[in-house]
2 protein chains.
Amino acid sequence: MSIPPEIFVIDPRAGLPLQVQLRQQIIAGVLEGRFRPGERLPSSRVLAGHLGVARVTVNLAYAELVATNLLAARGREGTFIAEAVDHPPLAEAASGTPARFDWTRHLDGRHARAQRRDRAGDWRRFRFPFVYGQADPALVDHAAWRQCAVQALGRRDFAALTGDQYGADDPELVEYITRQILPRRGIRARGDEVLLTLGAQNGLWLAAEILLGRGGRCAIEDPCYPGLREILAQTGAEVCPVAVDAQGLPPDALPAGLGAVFTTASHQCPTNSTMPLDRRHALLDRAMQQGFAIIEDDYEFEMSFSGAASPALKAIDRAGAVVYIGSFSKSVFPGLRLGYMVADPAFIAEARALRAMVLRHPPGHVQRTLSYFLSLGHYDAQMNRMRRAYAERRAIMERALAAEGLSLVPGGASGGSSFWLELPEGIDSRDLAQGLRADDVLIEPGPPFFARPDQGARHFRLAYSSIEADLIPEGIRRIAAAIGRAG
Amino acid sequence: MSIPPEIFVIDPRAGLPLQVQLRQQIIAGVLEGRFRPGERLPSSRVLAGHLGVARVTVNLAYAELVATNLLAARGREGTFIAEAVDHPPLAEAASGTPARFDWTRHLDGRHARAQRRDRAGDWRRFRFPFVYGQADPALVDHAAWRQCAVQALGRRDFAALTGDQYGADDPELVEYITRQILPRRGIRARGDEVLLTLGAQNGLWLAAEILLGRGGRCAIEDPCYPGLREILAQTGAEVCPVAVDAQGLPPDALPAGLGAVFTTASHQCPTNSTMPLDRRHALLDRAMQQGFAIIEDDYEFEMSFSGAASPALKAIDRAGAVVYIGSFSKSVFPGLRLGYMVADPAFIAEARALRAMVLRHPPGHVQRTLSYFLSLGHYDAQMNRMRRAYAERRAIMERALAAEGLSLVPGGASGGSSFWLELPEGIDSRDLAQGLRADDVLIEPGPPFFARPDQGARHFRLAYSSIEADLIPEGIRRIAAAIGRAG
């Protein structure tokens, strides 16, 4: 690799000879690892031209550093960073370090502090990763996705995909979602009731910012998706956690004065319970009486194994009180970063304006590729393949859990991609998770899901979306053994 | 296309016979255009199974609608939406319309209201589109991009790209930006000083939200990029516009008590002036003395025609006070939605946490495709091609403007992709722009760029990034003629 001349900047005000400034910059580049052994410096002619200095100035700086073995001159080939820089001249580079700007005045760290730290970015390193929400590449039809991407990059589509669309979405993808995806959830929607998002996380953020960005009061399920609590903490809204039971969120337990209620009605996260129809109607009735909006995170509807999935809350929402949030992260793959929201046109118009301000729109090529993936039937095929694989893994999980005597929390639905478990008294799931890492096993401890983390100390989640079927029994055995040792 | 059974939902509480409910839903689907002539309904067996009702119920509903010619029965082929639905029975569908949720209580319209309305989404319809910031597909190396996308979808990359990366970026792309892109601007940065964004718009929003999301005071250039004013209006910060001159933002004119200053130092938007070196140092000195952060939007650095571009403000920022914002929208294409920010690691950590909360990360496949596009040399080739084309168009523009006697505002740099012009007294650029639409010409009137829009009444911008070279003279002739008619 060659080092480009543009990296060098001469400051006539610096009060240092130009030749010294240049030398300092080369030394700093080596010390900081930006210039690497064997890389070629610009020729003195090119660099002198770029800096507007005499060529002899550059030659002098180079010669000085060749003499100290930091650079190596190789005749007509040019000047290179030396292959072995043993003792770089630290002192020379360190001199002249200027004062630093004080960022502490500007950064209160509210975002970094709110960030979840319980997710293992290195989950692939573990042999038994019972982690939630990651894709199993073996289940993704890689060849079909690639074929769709190539098709979306054809000349016909390319011109349309390269432009800045301002607030608009790919009309083909929106059409497909309204006509083929939403009907499966019992949802009827027009194009102006749909907005594409950068995944469900982005949809939840947009909804929270619109409804609660200027304060207010909202209710969430307890336990719930930790990412939602993170989002709401930034809004300044008062957040009321409402304990779920085996039928999900109990509408009777909602406090008064709410502006918004967040629910995972069809598949409670993380307990996997399903809200029965009478509760759904009670929740919708209450929304109309008390005037709160409902945000439905329908995050895993594709993974229902027993016949048709129960329809979404949005499907029976005749009044239009529900903001529905869907995602392709589970059904295609999470790195895709595409989801959608469905709501009243007035709400969607506001969300569209906010999205355009924050990020404009999801990349055009990604939208069109997904559109082909859906319309050519690959999505359906992949769903069927995933459902079969998950159902098989779930059955293996159930047998292994029963064999090892591990207790499921009652009320979980027969679908999804995870189990919610309870530990014997006296064992903390955080300790269990930490200890299991040494056994090559990743599990998700309960506390991050709860408003008061200690309430989750005896719970943990086991997902089976990213672990191979034949590794499950051994993984469960290791978990049971660790519990045995701890109990 | 077949209508899926899942779209139909029966509500036992609705107090209406199941058969009537089903009929209403079919009618509503046709009326609302969701079911289209010729589409096939589910078989009565499948639909009855899905709804959990007797098959005769479905058959009765279908038969009723066949009798009114809304449906057509075609023997063993099934039941279809009739090809010609002349007088759909509106009354029946309209009965039973329930109360609507009152969204006015929840939506103050602050985002939709702040949205710019001056951008023509339909600019391709115009023969002479002097619009800014859109790609010219003829200059994009479509085949190379496609080849890189295919390479990024190879099996080796695919597994990594499908995962949820939480807050992380593609390390290959970050490496390339720090080692090959930033050095051209004189910027030296490590990986922890770089964050990928969904384009420069996203970078500006992240910076504004972090620095001003809880209020404060900031300065912007006047005139400036209207999208920035839109972003700042949502923060609740006090925004102080500071008039630019032929050398850009004058640091002496900045008010006291600022937390942040936004500047387009190298290429002022929209006047195209370049801030000279002494002003840059004065601005940086002032930032250190008064403690304000500088956000540098280096939005078009690739388009310098006369030798090397002046280095970025960030390049001489030894104290680390500058948050640098770059974009690939102009140099690759805007639909890509990829940019980056460079700043102190503490700032980047906070921006990374905020980005992860709002949208996680840009889609993995897009990141890796760009990484190949850069590392295989296509980016450089495309830059050279674009520079040549823009330089040629700029020369044609200059000749045409001079020939027609149109006045440039003094101080514009010899690069970029637009001119900033002044009209004779008494002509409003908004009227001019409106009138020119009928002549197939799009120009950008000045008012949206100004804090007080009327100050821009005599200005307008002419961009040449999306108009073919040989159409320029005729386009300019039409503009001059319209000015002549109006004057």
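This one's a predicted model, so the numbers in the text were calculated from it and none came from an experiment.

On to the overall build of chain A, then. A count of helices and strands for chain A gives 16 helices and 15 strands. Principal-axis analysis of the C-alpha atoms gives chain A an extent of 85 × 55 × 50 Å. Scored against the burial criterion, the 487 residues of chain A give a buried share of 61%. Considering only contacts in chain A between residues 6 or more positions apart, those separated by 24 or more positions represent 73%. Total accessible area on chain A is roughly 18,100 Å²; 51% of this is exposed by carbon and sulfur atoms.

Next up on the list: the sheet that holds strand β4 (residues 194-197) of chain B. All names here are of chain B. With mixed pairing, the seven strands of this open sheet are ordered in space as β4-β10-β9-β8-β7-β5-β6. The open sheet is flanked by β4 and β6 (238-243), the only strands paired with a single partner. In this sheet, neighbouring strand axes are inclined to one another by 20 degrees on average, regardless of whether the strands run parallel or antiparallel. Where strand β5 (residues 217-222) lies against strand β7 (residues 260-263), two bridges are found, and the strand directions are parallel. What sits directly across from C218, in β7, is A260. In this fold helix α12 (residues 345-359) packs onto β4, β9 (322-327) and β10 (339-342), with an angle of close to 25 degrees to the strand it touches most, β4.

The next thing to look at is the interface of chain A and chain B. On the chain B side, the residues contacting the 119 residues of chain A number 118 residues. Between chain A and chain B, the buried area comes to about 10,900 Å², and carbon and sulfur atoms account for 58% of it. Of all residues in chain A, W103, R179 and M357 of chain A bury the most surface against chain B, accounting for 7% of the area lost on that side. Our count for the contact surface shared by chain A and chain B stands at six salt bridges. At the junction of chain A with chain B, the criterion picks out 40 residue pairs in polar contact (both at pLDDT 80 or more). With ten residues, the single largest contributor to the side of chain A that touches chain B is helix α12 (residues 345-359) of chain A. Residue composition of the side of chain A that touches chain B, by class: 60 nonpolar, 30 polar and 29 charged.

Given 3.6 residues per turn, any residue in an α-helix points the same way as the ones three and four places further on. The end-to-end C-alpha distance of helix α9 (residues 199-212) of chain A, which contains 14 residues, comes to 20 Å, matching closely the 20 Å that a straight helix rising 1.5 Å per residue would cover. Across the 14 residues that make up α9 of chain A, a large majority, 13, are buried.

This paragraph deals with the side chain of H281 of chain B. Inspection of the secondary structure puts H281 of chain B in helix α11 (residues 277-290). In this structure H281 of chain B comes out as buried when scored by relative accessible area, which is 5%.

A word on the relation of the copies chain A and chain B. Least-squares fitting of chain A to chain B yields an RMSD of 0.1 Å, with the superposition described by an axial translation of 0.0 Å and a rotation of 180 degrees. Read as a symmetry element, the transformation amounts to a two-fold axis. The C-alpha atom lying nearest the rotation axis in chain A is that of V150 of chain A; the distance is 3.4 Å. By residue overlap, the copies meet face to face through one surface: 99% of the interface positions of chain A are interface positions in chain B.

Residues and elements named next belong to chain A. As enumerated under the stated definition, the model contains 50 salt bridges over all chains in all. In this structure, E474 engages R478 in a salt bridge whose closest nitrogen and oxygen atoms are separated by 2.8 Å. In this pair, E474 and R478 both sit in helix α16 (residues 472-486), four residues apart, roughly one turn of the helix. Overall, E474 belongs to the partly exposed group, its relative accessible area being 26%.

Our focus in this paragraph is the packing of aromatic side chains. Under the criterion given, the structure shown has 25 aromatic pairs over all chains. Joined through ring pairs, the aromatic side chains of Y324, F328, Y340 and Y379 of chain A make up one cluster. Above the ring of Y132 of chain B, the side-chain terminus of R461 of chain B is found at 3.9 Å from the ring centroid.

What follows concerns the environment of E175 of chain A. Following the sequence through the fold, E175 of chain A ends up in helix α8 (residues 171-181). Owing to a relative accessible area of 33%, E175 of chain A belongs among the partly exposed residues under this scheme. As for E175 of chain A and R190 of chain A, which are separated by 15 residues in sequence, their C-alpha atoms are 8.5 Å apart. A distance of 3.5 Å separates polar atoms of two side chains, one belonging to E175 of chain A and the other to R36 of chain B.

The domain architecture assigned to chain A consists of domain 1 (5-94), domain 2 (123-135 + 381-486) and domain 3 (140-377). Put simply, the middle of domain 1 of chain A and the middle of domain 3 of chain A, counted by C-alpha atoms, are 54 Å apart.

So, on to the confidence of the model for chain A. Overall, the prediction assigns chain A a mean pLDDT of 88, with 93% of residues at 70 or greater. The low-confidence segment residues 86-95 of chain A, where pLDDT is below 50, has ten contacts with residues more than four positions distant or belonging to other chains.

Let us look at the sheet that holds strand β15 (residues 459-463) of chain B. Residues and elements named next belong to chain B. Read from one edge to the other, the open sheet built from four strands follows the order β11-β12-β15-β14, with strand pairing classed as antiparallel. Looking at which strands have only one partner, the edges of the open sheet turn out to be β11 (407-408) and β14 (444-445). Bridge count for β11 against strand β12 (residues 418-422) is two bridges, and the pairing is antiparallel. Each bridged residue has a counterpart across the sheet, and for L408 the counterpart in β12 is L421.

In this section: helix α3 (residues 55-67) of chain B. Residue and element names in this part refer to chain B. Under the 1.5 Å per step criterion, the end-to-end length of α3 is 18 Å for 13 residues, consistent within 8% with the ideal 18 Å. Buried within α3 we find T57, V58, A61, Y62 and L65. The buried residues of α3 occupy an angular sector of 130 degrees when projected down its axis, which confines them to one face. What points out from α3, more than 90 degrees from its buried face, is the exposed set V56 and A67. In this fold, the buried residues of α3 make contact with α1 (18-31), α2 (44-51), β1 (71-73) and β2 (79-81).

We now examine the packing of helix α14 (residues 378-404) of chain B against helix α16 (residues 472-486) of chain B. Residues and elements named next belong to chain B. Closest axis-to-axis distance for the α14/α16 pair is 9 Å, and the angle between their directions is 35 degrees. At the point where α14 passes α16, the crossing takes the right-handed sense. Contacts between α14 and α16 involve R393, I396, M397, A400, L401 and E404 from the first element and I472, P473, I476, R477 and A480 from the second.

Cut-offs applied
- Residues numbered from 1 in each chain as written.
- Chains lettered and ligands numbered in written order.
- Predicted model: local features only at pLDDT ≥ 70, side-chain atom pairs only at ≥ 80, totals over all residues.
- Heavy atoms only, no water.
- Helix = DSSP H or I, 4+ residues; strand = E, 2+ residues; numbered from the N terminus.
- Buried < 20%, exposed > 50% of the residue type's maximum accessible area, 1.4 Å probe, protein only.
- Contact = heavy atoms within 4.5 Å.
- Areas by Shrake-Rupley, 256 points an atom, 1.4 Å probe, with all protein chains shown as cover.
- Pairing = 2+ DSSP bridges.
- Axes fitted to C-alpha atoms, helices over the stretch in contact; angles between N-to-C directions.
- Buried area = accessible area lost by both parts, 1.4 Å probe.
- Salt bridge = Lys/Arg side-chain N within 4 Å of Asp/Glu carboxyl O.
- Polar contact = N/O pair within 3.5 Å; in protein donor to acceptor, adjacent residues only side chain to side chain.
- Nonpolar A, V, L, I, M, F, W, Y, C, P; charged D, E, K, R; others polar.
- Expected span 1.5 Å × (residues − 1).
- Least-squares fit on C-alpha atoms with pLDDT ≥ 70 in both.
- Phe/Tyr/Trp six-rings, centres within 6.5 Å; stacked < 30°, edge-to-face > 60°.
- Lys NZ or Arg CZ within 6 Å of the ring centre and 35° of its normal.
- Domains from an automatic or database assignment.
- pLDDT = per-residue confidence, 0-100.
- Arc of directions from axis to C-beta.
- Left-handed = near helix turned anticlockwise from the far one by under 90°.

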